[in-house]
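# Analysis of the macromolecular model
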Amino acid sequence: MRLNIVIGGKAGQGINKVSEIVSQTLTNQGYFTFNYRDYPSIIRGGHNFNILSISDKKIESHESKLDGIVAMDDNTIKVHEKALKKDSFVIKPDNFLEFGRNLNVALAGALIKILGIDKKILIEEIKEQLNNPESLKAAEKGYESQTKKFDLKKLNNKITILSGSKAVTQGAINSGIDIYFAYPMTPATPVLHELASEQLKHNCLVFQNENEIAVANAALGASFSGAKVMVGTSGGGYDLMTEALSLQGMTEIPLVVYLASRAGPATGIPTYTMQNDLGIALYGGHGEFPRVVIAPGNPIEAIEITNHAFYLAEKFNTASIILSDKHLAESEFSSEEKPSKPLKIKIERPIPGEKKVVKASSYESDKYGYSTEDPFLAKKNADERIKRYEEIKKECKKFEMIKFHGKKDSKNLIIGWGSTSGAIKDAIQDLDAKFLQVLYLKPLSDEIKEQMQKAKKIILVEGNVTGQLGRLLREKTGISIKNRILKYDGRPFRSDELKEEIREVLE
Amino acid sequence: MTQELRTDSPVTWCPGCPNFIILESARKALLNLIKQGYKRENFAMTVGIGCHAKIFDYLDISGIYGLHGRTIPTAMGIKIGNPNLTVLAFAGDGDTYAEGIGHFVHAGRYNTDMTLMVHDNQTFSLTTGQGSPTSQENYKNKAEPLGKSTPPLNPIKLALSSEISFIARCNARDITHTQEVLEKAITHKGFSFIEIIQDCTSFNLDVNKRDKDMYQLNSPCKTKDQALKLADEFDYNIRKGKIPLGIFWQENKKTLTEEWPQLSNLKKKGIGWKDLKR
Ligand SMILES: Cc1ncc(C[n+]2csc(CCOP(=O)(O)OP(=O)(O)O)c2C)c(N)n1
């Protein structure tokens, strides 16, 4: 069973509340949901919509064909009716305009009825989330206005809803984060907001500096003093941070970087998604120095990977980059899984304030931290930096650097990473294909090459123009992937469309 | 850790460079503060990139030899990472007023309890003498053979309008006065800024040797207007008028540590984040 419902309106009308009420109700009923959020960079007006996908089995994507429209304005219907399936429904705002600000609550009530869920359950949920007489009345009126179309009986799944941003926040808190430095930039901003609201509860600090250059340099300063530090940004801000990233490589002061991509170069399409920043994550910053780049595909992985990032940064005095994007950061996923127990992060390096003088230098330096231009030391230091990378590689083998999904014995190998993983997993449900999800992009698992060599057909699926993972794999394995499904219009893959594209290549 | 805060690193400044004297003033100020109870292991420094920055290798305290222009945010980070540290930032005029001027303007707003010393030799020395924001107009250099076309920036005025809570100027050659002002800057609660007028023995020689025009203020100004007027006496441009030295401005403002309960808590407990129990 799978439904896709669009909930749309103008920015500021509160469409997210509809998704929230309905998703939470469905979660309590044991249904899996995936909520895709599509909004332009507009504060009021325009057209915002969510696609709420509902299933009795685990899903991590939305589809292109719609079972229904919940419209807060007429424009929503105009934009989306082309995508409606034959036997679909439309809930129009017209009958509920009297509820004013509670229009969204009325529409949520109407949708709950269509899905065939008991009124008692709706009322409980509204009490839980809003608890005021106007909202309750709106929900009830909405409910009563519709006739039941589906019959979503209670299931026995224990599900929680989480966005990628909330997951990164959780992972940072699990790791005992002390300070988060950031400058607002979509789609990294939700982590700034989440952590800021949690800071007093968890006794950590969230600091907004004057720009990303200050963010990255202050972060190195604070980490040098012995704090567990993370910074967060999107592509443009990351560009500004890269000189400091290079300073990290030289000084070996641990640093965790949360990089959430948006679409396109420069300002691009700021509130939309693309996987176009793998290149800068891997190579940003001058000179040659080790680093870790990890890309979670869903919130559970994001919780775990954020913890790995802190662990590896501290253990190897390196920079760990958590690579996400708008689609993972702002979509709401549901899951029955629990993240694994977080690793403890211990600071064992010398820090100022203790008896010994600690010097960290931007220059090539000797063992006391004093600048040197000595060719012998220059080479020795460079060799040690590379050796450290080998140690990182060894340690990473303890983690799941890659994952397999789909038919484990299939000769058709799909390769992808990050937020695209969800759509791939859902797309290959009944295809003869195995999906290799790359979580660790640096270091890269040696097993990938073996898998590529064994496969009969390889398909690369990525959300960018040039196939950045494909390029990395060619560099590391010598194998270039001919079949590529690339999407770069700022919108994530929809699993039903992706399924057809994969099927075409397989045939 | 050596008793005298010196290191074995070979000094590579040009012979006669006033950076030697700034190093001595700093060393003496720190030693004196240590005598008065400051913990030597709690001192931490940052430097930018430039001739001034080499002081990092010659002063035996902890710190980060950072990036060009980023002295201030790096130092702020060290302080936020452990509010019990006494943090000093050494920077050049290129560092502070060109590459990193944004950080300087914001420093007053944050009022981090730290001290910034700008070695202002009115040129980019390490990169062989190009014009800096404080170089005089018409300064001929290799990058601007026709002469620098813009008037110099007045750092004291900029500091005053940026609401920096401690603003002073010193003469690099005057060890006693620089040491004294530096001690006051370090003990000041909030962001302290010392603009140190420094001759360069290799580049922009035209602005050197102004000692006879310099005079010392008796006390900080009572009003911003007075301070701004005093700041105008020396415009970093023409070789006339007087150059006031000493503390132009000092006021009590809430510090960054005091603004944040999390940091005040660490300060009260006398610990950094590393030793915080959750
Ligand atoms: C990002 C960056 N740009 C340029 C440089 C080259 N550079 C090194 S020092 C310097 C200027 C130094 O001038 P100043 O800060 O006044 O220090 P001084 O050498 O005069 O003490 C420059 C431009 C650099 N290191 N980093």
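Residues numbered from 1 in each chain as written. Chains lettered and ligands numbered in written order. Predicted model: local features only at pLDDT ≥ 70, side-chain atom pairs only at ≥ 80, totals over all residues. Heavy atoms only, no water.

### Observations regarding the sheet that holds strand 11 (residues 292–294) of chain A
Residue and element names in this part refer to chain A. Pairing is mixed in the open sheet, where seven strands are placed in the order 8-7-9-10-12-11-18. Where the open sheet ends on each side, the last strands, each with one partner, are strand 8 (205–208) and strand 18 (440–442). In this sheet, adjacent strand axes meet at a mean angle of 20° when their direction is disregarded. As defined by bridge partners, strand 9 (residues 229–233) adjoins strand 10 (residues 255–261) across four bridges and the pair is classed as parallel. Paired with glycine 232 across the two strands is tyrosine 258, which belongs to strand 10. Sheet strands in contact with helix 9 (residues 235–251) are strand 9, strand 10 and strand 12 (319–325), and its direction is about 160° off that of strand 10. (Pairing = 2+ DSSP bridges. Helix = DSSP H or I, 4+ residues; strand = E, 2+ residues; numbered from the N terminus. Axes fitted to C-alpha atoms, helices over the stretch in contact; angles between N-to-C directions. Contact = heavy atoms within 4.5 Å.)

### Points about helix 9 of chain A
Residues and elements named next belong to chain A. With 17 residues, helix 9 extends 23 Å between its outermost C-alpha atoms, agreeing within 8% with the 24 Å of an ideal straight helix rising 1.5 Å per residue. Burial analysis of helix 9 places twelve of its 17 residues in the buried class, which makes it a mostly covered element. Along helix 9, the residues that are buried comprise Gly235, Gly237, Tyr238, Met241, Thr242, Ala244, Leu245, Ser246, Leu247, Gln248, Gly249 and Thr251. One or two steps after helix 9, the chain reaches glutamate 252, where phi turns positive at roughly 60°. (Expected span 1.5 Å × (residues − 1). Buried < 20%, exposed > 50% of the residue type's maximum accessible area, 1.4 Å probe, protein only.)

### A few points about the sheet that holds strand 7 (residues 214–216) of chain B
An order of 14(A)-2(B)-1(B)-3(B)-4(B)-6(B)-5(B)-8(B)-7(B) is seen for the nine strands of this open sheet, with the pairing classed as mixed. The sheet terminates laterally at strand 14 (359–361) of chain A together with strand 7 of chain B, the two strands that pair on one side only. Neighbour-to-neighbour, the strand axes of the sheet open up by a mean angle of 20°, direction not taken into account. For strand 14 of chain A and strand 2 (residues 62–65) of chain B, the ladder comprises three bridges, and the chain directions are parallel. Bridged to A:Lys359 within strand 2 of chain B is B:Gly63. Against the sheet, helix 8 (residues 224–232) of chain B contacts strand 7 and strand 8 (243–250) of chain B, and its axis sits at roughly 155° relative to strand 8 of chain B.

### Let's talk about the nonpolar core
In terms of nonpolar packing, the biggest core is built from 97 residues, with A:Phe181, A:Ile415, A:Leu441, A:Leu469 and B:Phe193 touching the most fellow members. With seven residues, helix 8 (residues 212–224) of chain A is the largest single contributor of residues to this core. In this structure, this core is formed jointly by two domains, domain 2 (163–396) and domain 3 (402–506) of chain A, each of which donates at least three residues. Leave out the neighbours within four places in its chain, and A:Leu469 touches A:Leu278, A:Ile415, A:Gly416, A:Trp417, A:Val438, A:Leu441, A:Leu460 and A:Glu462. One finds A:Ile173, A:Ala188, A:Cys204 and A:Ile303 within the second-largest nonpolar core, a separate group that totals 37 residues. (Core = buried A, V, L, I, M, F, W, Y, C linked by side-chain atoms within 4.5 Å. Domains from an automatic or database assignment.)

### Quick word on the site of the ligand
In the vicinity of the ligand lie 17 residues, with B:Cys51, B:Asp93, B:Gly94, B:Asp95 and B:Leu126 positioned nearest. The ligand is flanked by residues contributed from chains A and B. Residue B:Ser125 places a main-chain N or O atom 3.1 Å away from an oxygen atom belonging to the ligand. For the ligand, the accessible surface in isolation is 590 Å², of which the surrounding protein chains cover 78%. Here the shell around the ligand takes four residues from helix 4 (residues 93–99) of chain B, the largest share from any one element. Class assignment of the residues belonging to the shell around the ligand gives a composition of four nonpolar, nine polar and four charged. (Near = heavy atom within 4 Å. Polar contact = N/O pair within 3.5 Å; in protein donor to acceptor, adjacent residues only side chain to side chain. Areas by Shrake-Rupley, 256 points an atom, 1.4 Å probe, with all protein chains shown as cover. Nonpolar A, V, L, I, M, F, W, Y, C, P; charged D, E, K, R; others polar.)

### A look at the environment of A:Val18
Residue and element names in this part refer to chain A. When you line up the elements, valine 18 lands in helix 1 (residues 15–28). For valine 18, a relative accessible area of 0% gives the class buried. Valine 18 sits 323 residues away from lysine 341 along the chain, and the two C-alpha atoms are 33 Å apart. What valine 18 contacts, discounting residues up to four positions off in sequence, is Ile7, Asn104 and Ala108.

### A word on the interface of chain B and chain A
In this assembly, 43 residues from chain B lie in contact with 50 residues from chain A. Buried area between chain B and chain A, summed over both chains or domains, comes out near 3700 Å², and the portion from carbon and sulfur atoms is 59%. Between the two partners, chain B and chain A, sit three salt bridges. Notably, a salt bridge pairs B:Arg278 with A:Asp178, separated by 2.7 Å at the nearest N-O pair. Across the contact surface, chain B and chain A share 23 residue pairs in polar contact (both at pLDDT 80 or more). (Buried area = accessible area lost by both parts, 1.4 Å probe. Salt bridge = Lys/Arg side-chain N within 4 Å of Asp/Glu carboxyl O.)

### Concerning the confidence of the model for chain B
Model confidence for chain B is summarised by a mean pLDDT of 96, while 99% of its residues fall at 70 or above. Here the predicted complex scores 0.97 on pTM and 0.98 on ipTM. (pLDDT = per-residue confidence, 0-100.)

### Thoughts on unusual backbone geometry
Residue and element names in this part refer to chain A. Omega for the bond connecting threonine 186 with proline 187 falls within 30 degrees of zero, at 0°, which places this linkage in the cis form. Examined against the element boundaries, proline 187 turns out to sit in the loop between strand 7 (179–182) and helix 7 (189–202). Cis geometry marks the peptide bond from lysine 442 to proline 443; its omega dihedral reads -5°. By the element assignment, proline 443 lies in the loop between strand 18 and helix 15 (447–454). We note that glutamate 252 has phi near 60°; this positive angle belongs to a residue other than glycine. Relative to the helices and strands, glutamate 252 resides in the loop between helix 9 and strand 10. The exposure class of glutamate 252 is partly exposed, given its relative accessible area of 27%.

### Observations concerning the domain arrangement of chain A
Residue and element names in this part refer to chain A. Its domain assignment divides chain A into domain 1 (2–144), domain 2 (163–396) and domain 3 (402–506). Taking only C-alpha atoms into account, the centre of domain 1 sits 37 Å from that of domain 2. Listed as interface residues are 13 residues of domain 1 and, on the opposing side, 16 residues of domain 2. Taken over both partners, the interface formed by domain 1 and domain 2 buries close to 1300 Å², and the fraction arising from carbon and sulfur atoms is 44%. Joining domain 1 to domain 2, the criterion identifies two salt bridges. Here glutamate 330 ties to arginine 37 by a salt bridge, and the two come within 3.2 Å at their closest N and O atoms. Along the contact surface separating domain 1 from domain 2 lie nine residue pairs in polar contact (both at pLDDT 80 or more). Broken down by class, the residue content of the side of domain 1 that touches domain 2 amounts to five nonpolar, four polar and four charged.

### Considering the packing of aromatic side chains
The description of an aromatic ring pair rests on the distance of the ring centres and on the angle between the ring planes. All names here are of chain A. A complete count under the given rule lists 17 aromatic pairs over all chains for this structure. Relative to phenylalanine 399, the ring of tyrosine 311 lies with its centre 6.1 Å away and its plane at 90°, an arrangement referred to as edge-to-face. Pair noted here: tyrosine 311 is in helix 11 (residues 299–316) and phenylalanine 399 is in the loop between helix 13 (375–396) and strand 15 (402–406), with a separation of 88 residues, a long-range link. Judged by relative accessible area, which is 14%, phenylalanine 399 ranks as buried. With centroids separated by 6.2 Å and ring planes inclined at 15°, the aromatic side chains of phenylalanine 399 and tyrosine 440 adopt a geometry described as stacked. With phenylalanine 399 in the loop between helix 13 and strand 15 and tyrosine 440 in strand 18, the pair connects residues that are 41 residues apart, well separated along the chain. (Phe/Tyr/Trp six-rings, centres within 6.5 Å; stacked < 30°, edge-to-face > 60°.)

### Remarks on the pairing of strand 8 of chain B
Residue and element names in this part refer to chain B. With seven of eight residues buried, strand 8 lies mostly within the body of the structure. One ladder, built from four bridges, connects strand 5 (residues 166–171) with strand 8; its direction is antiparallel. The residue of strand 8 that forms the bridge with alanine 168 is isoleucine 247. Here strand 7 pairs with strand 8 via three bridges, running parallel.

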